[in-house]
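# A closer look at the structure
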Amino acid sequence: MTTTTTIGELTAGERQPTRYGSISRGRRRTLYWSYFFLILFVIFFLTPPIYMFITSLKSSAEISAATNPWWVYHPTLSNYVDLLTQKTYLIFFRNSAVVSLCVVSVSMVISVLAAFSLARMKFWGSATLATGVFLAYLIPDTLVFIPLFKTFAFIHDKTGIELINHWWVLIILLPTLTVPFCTWIMIGYFASIPRELDEAALIDGAGYIQMLRKIFIPVALPGIIAATIFCFTVSWANFLYGLAFTTSADQLTLPVGIVTTLIRGDVYAWGQIMTGALLGAAPPLIIYAFLMDYYIAGLTAGATKG
Amino acid sequence: MADVVASGVPIPAAQRRNTMQKFVRRKSTVAFFMTLPLIATVACLVVYPAFYSISLAMMNKSMTHFVGFGNFAFLFKRNTFWMVVEQTVLFAVTAVVFKAAIGFVAAHFVHNLPAKGQRKWRGMLLIPWVIPPAMSTLAWFWLFDPSYSAFNWVLTHLGMPQVAWLGNPYWARFAVILVNVWVGSPFFLIMYLAALKSVPDQLHEAAAIDGANWWQKIWYVNLPMMRNIIQITALFSLIVTFANFDIVKILTNGGPVDQTHVFATWAFNLAISGNDIPLGAAVSLFMAPILAIAAFLILRNVRRRGNEA
């Protein structure tokens, strides 16, 4: 940079032809280097899932024979068959599915209603409340699970309602993680809808509920899909609440079930553990494969909208 | 809701009923009722426990009487506590720095590709973020396994000595950070890629005309333009990493000899496994100051961004 500005026109003229060539060559070189490093990153990022898949195809005999761990000599589906006919694993799957679907519906209803009123129908303290929602989103589950555990024990002592060691208690707990985030991104999406639309609806005599149902939800549908995917991913993946609040084998969700029941056996059945983990990772992966753009929209909206 | 109330009431209604009806129909009342479920959820399940943990932390083990700062004084005298503090800070800071660096570099590489191929690469690079961390940590645990470690197999074939990945305290610390970086860097990648795409091309053209090389373009054009998102993402990730639980719990459960414990896993082991709820609450409270600082900075950044837009 300094050379071209300080040295006169003559030098710049001399270097002109080589520079034309070097720009296109430089671009191609950048491209090759980009591919090279991206391949390295992809290898780093995909090694664990691929290794999960490789191990899931091995029999216990092949694993304990300590042959090449990166290759399957006698592929078998026995791990998949064993797991999918095993009652406990299916119960984990059912618990996870029911919990996630309930959490998704509960938190979407709560957050869409709240986001609509916070974005459009200002009332006393609504701005503070929106900030509060954002702060609530920043409080991690690891900070609140101990007091919640104690509170649940206290409720049991006072009323006799047993809240600990039931899978459905996760439906009460998990909205703490999903509701603030979903409300926050829905506020962003609703705020971006032009005011002319709801004015037109008001003139036509629509009430607030009609306005929400007939204008806001259809227009902000991409945001709602993104928030729903987020809710599902969070509740499906949550490990801490399940580990702290449920213990019996028939009350566990998938992540906790795999870790506690399959690992604590006398023999580490690694083929089954990897199969279980891979099948457990499948629902989010399938959703991601089909709805990647919504997934990414939800991810980036969380921190950039404001 | 408002319509039903309106049509159900006869016109010559009493004055009191009329004001009541007006109150119910008022926009702010409807709005308040719509946010009520949110307020209830956040108040009961986030705000109340957060404050309750402060009072819990000041009880004795059987939670029968108040001991003031007794639990904290006890913690300050224990070596394990200071080790956990050190490890949590080391873990969070190192992991966030590496995640940010990998995300930044990878985002630039993806951005360099022709637009048609970007989707495919981005799709592959985001997979670690999509797999539930508990599941992928199991895969890492199996990769690090003492007797069948796939990494050691590679090392042996390359003629290098084997490594006790999770048995040696230093390697175990390395392992938990590595897994955290693996899980978290796609998030940085995607945020930085979004930020890179928002940098106008004209700026790069202008820089190129002025003779800037690729490094100068990154340093003087991209970095200032992305600064806000870089800060917000790093702070977000700092909160999540500081409060991390799954990875350490599954990979090492704090071992060997408590060397890899972070606040969350130690608090869990004290409170749930060790049945000393107040001490666990006291440990988890140490996450709060860092969270508060990060939250304050994020909020300031988000506000500033909102004003610019």
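Residues numbered from 1 in each chain as written. Chains lettered and ligands numbered in written order. Predicted model: local features only at pLDDT ≥ 70, side-chain atom pairs only at ≥ 80, totals over all residues.

### Considerations on the overall build of chain B
- Counting secondary structure elements, chain B contains 16 helices and 0 strands.
- Here the C-alpha radius of gyration of chain B, 26 Å, is well above what a compact globule of 309 residues would show, namely 19 Å.
- Across chain B, contacts joining residues at least 24 apart in sequence account for 65% of those joining residues at least 6 apart. (Helix = DSSP H or I, 4+ residues; strand = E, 2+ residues; numbered from the N terminus. Rg over C-alpha atoms; globule rule 2.2 N^0.38 Å. Contact = placed C-beta atoms within 7 Å.)

### Looking at the overall build of chain A
- Along its length, chain A carries 16 helices and 0 strands.
- Within chain A, the fraction of its 306 residues that count as buried is 44%. (Buried ≥ 20, exposed ≤ 12 C-beta atoms within 10 Å, placed from the backbone.)

### A short note on the nonpolar core
- Grouped together as the largest cluster of nonpolar side chains are 176 residues, with contacts concentrated most on Ala277(A), Leu138(B) and Leu251(B).
- Looking at this core, the element that brings in the most residues is helix H10 (residues 169-197) of chain B, giving 18 residues. (Core = buried A, V, L, I, M, F, W, Y, C linked by C-beta atoms within 7 Å.)

### Side note on the confidence of the model for chain B
All names here are of chain B.
- For chain B, mean pLDDT is 84; residues scoring 70 or higher make up 91% of the total.
- Between residues 1-11, whose pLDDT stays under 50, and residues either more than four places distant or in other chains, the model counts 12 contacts.
- Our summary of model confidence lists the complex with pTM equal to 0.86 and ipTM equal to 0.84. (pLDDT = per-residue confidence, 0-100.)

### Some thoughts on the domain arrangement of chain A
All names here are of chain A.
- Splitting chain A by domain gives domain 1 (2-56) and domain 2 (80-304).
- Between domain 1 and domain 2, the contact holds 4 residues from the first and 6 residues from the second.
- Of the residues that constitute the side of domain 1 that touches domain 2, the class distribution is 2 nonpolar, 2 polar and no charged. (Domains from an automatic or database assignment. Nonpolar A, V, L, I, M, F, W, Y, C, P; charged D, E, K, R; others polar.)

### A word on the interface of chain A and chain B
- Contacts between chain A and chain B engage 79 residues on the former and 82 residues on the latter.
- Take the side of chain A that touches chain B: its biggest share by element is 14 residues, from helix H2 (residues 9-56) of chain A.

### Here's the deal with the environment of Tyr35(A)
Residues and elements named next belong to chain A.
- Within the secondary structure, Tyr35 is located in helix H2.
- Tyr35 gets classed as partly exposed once you count the C-beta atoms within 10 Å, which come to 15.
- Tyr35 sits 85 residues away from Arg120 along the chain, and the two C-alpha atoms are 47 Å apart.

### Structural notes on helix H11 (residues 201-209) of chain B
- Where burial is concerned, little of H11(B) is hidden: 0 out of the 9 residues are buried.
- Following H11(B) by one or two positions, Gly211(B) adopts a phi angle in the positive range, close to 90°.

### Details of the domain arrangement of chain B
- Once the domains are mapped, chain B shows domain 1 (2-56) and domain 2 (70-308).
- Put simply, the middle of domain 1 of chain B and the middle of domain 2 of chain B, counted by C-alpha atoms, are 42 Å apart.

### Examining the packing of helix H5 (residues 79-112) of chain B against H10(B)
Residue and element names in this part refer to chain B.
- One way to put it is that H5 packs onto H10 with a least axis distance of 6 Å and a crossing angle of 40°. Overall, the two elements H5 and H10 adopt an arrangement that is oblique. When the axes of H5 and H10 are compared, the crossing they make is right-handed.
- Its residues assigned to classes, the contact of H5 with H10 shows 17 nonpolar, 7 polar and 2 charged. (Axes fitted to C-alpha atoms, helices over the stretch in contact; angles between N-to-C directions. Parallel < 35°, antiparallel > 145°, perpendicular 65-115°, else oblique. Left-handed = near helix turned anticlockwise from the far one by under 90°.)

### A short note on unusual backbone geometry
Residues and elements named next belong to chain B.
- Despite not being glycine, Asn253 shows a phi value in the positive range, around 50°.
- Along the chain, Asn253 turns up in the loop between helix H13 (246-251) and helix H14 (263-273).
- Asn253 gets classed as partly exposed once you count the C-beta atoms within 10 Å, which come to 15.
- Here Asn275, not a glycine, exhibits a phi torsion of approximately 65°, which is positive.
- Among the structural elements, Asn275 can be located in the loop between H14 and helix H15 (277-285).

### A few points about the packing of helix H3 (residues 27-56) of chain B against H15(B)
Residue and element names in this part refer to chain B.
- Where H3 contacts H15, the axes come no closer than 8 Å and their chain directions differ by 120°. Put simply, H3 runs oblique to H15. Of the two elements, H3 crosses H15, and the hand of that crossing is left-handed. Residue-level contacts link Ser53, Ile54 and Leu56 of H3 to Ile277, Pro278, Ala281, Ser284 and Leu285 of H15.
- Classifying every residue of the contact of H3 with H15 gives 6 nonpolar, 2 polar and no charged.

### Focus: H3(B)
- Along its 30 residues, H3(B) runs 41 Å from first to last C-alpha, staying within 8% of the 44 Å computed at 1.5 Å per residue.
- Along H3(B), the largest kink reaches about 40° and is centred on Thr35(B); proline Pro37(B) follows within four residues of it. (Expected span 1.5 Å × (residues − 1). Bend = angle between axes of the 7 residues up to and from the residue.)

### Some words on the confidence of the model for chain A
- The pLDDT averaged across chain A works out to 83; a share of 89% of its residues lies at or above 70.
- Across chain A, the secondary-structure element scoring lowest on mean pLDDT is helix H1 (residues 2-6) of chain A, at 39, and the one scoring highest is helix H5 (residues 87-119) of chain A, at 92.

### What to know about the environment of Ile218(B)
All names here are of chain B.
- Take Ile218: it is sitting in helix H12 (residues 214-242).
- On the basis of neighbour count, Ile218 is assigned to the partly exposed category, with 15 C-beta atoms found within 10 Å.
- For the pair Ile218 and Ala57, spaced 161 residues apart in sequence, the C-alpha separation works out to 48 Å.

### Examining the environment of Leu135(A)
- Here Leu135(A) lies in helix H6 (residues 126-138).
- A C-alpha to C-alpha distance of 23 Å links Leu135(A) and Ser105(A), two positions 30 residues apart in sequence.

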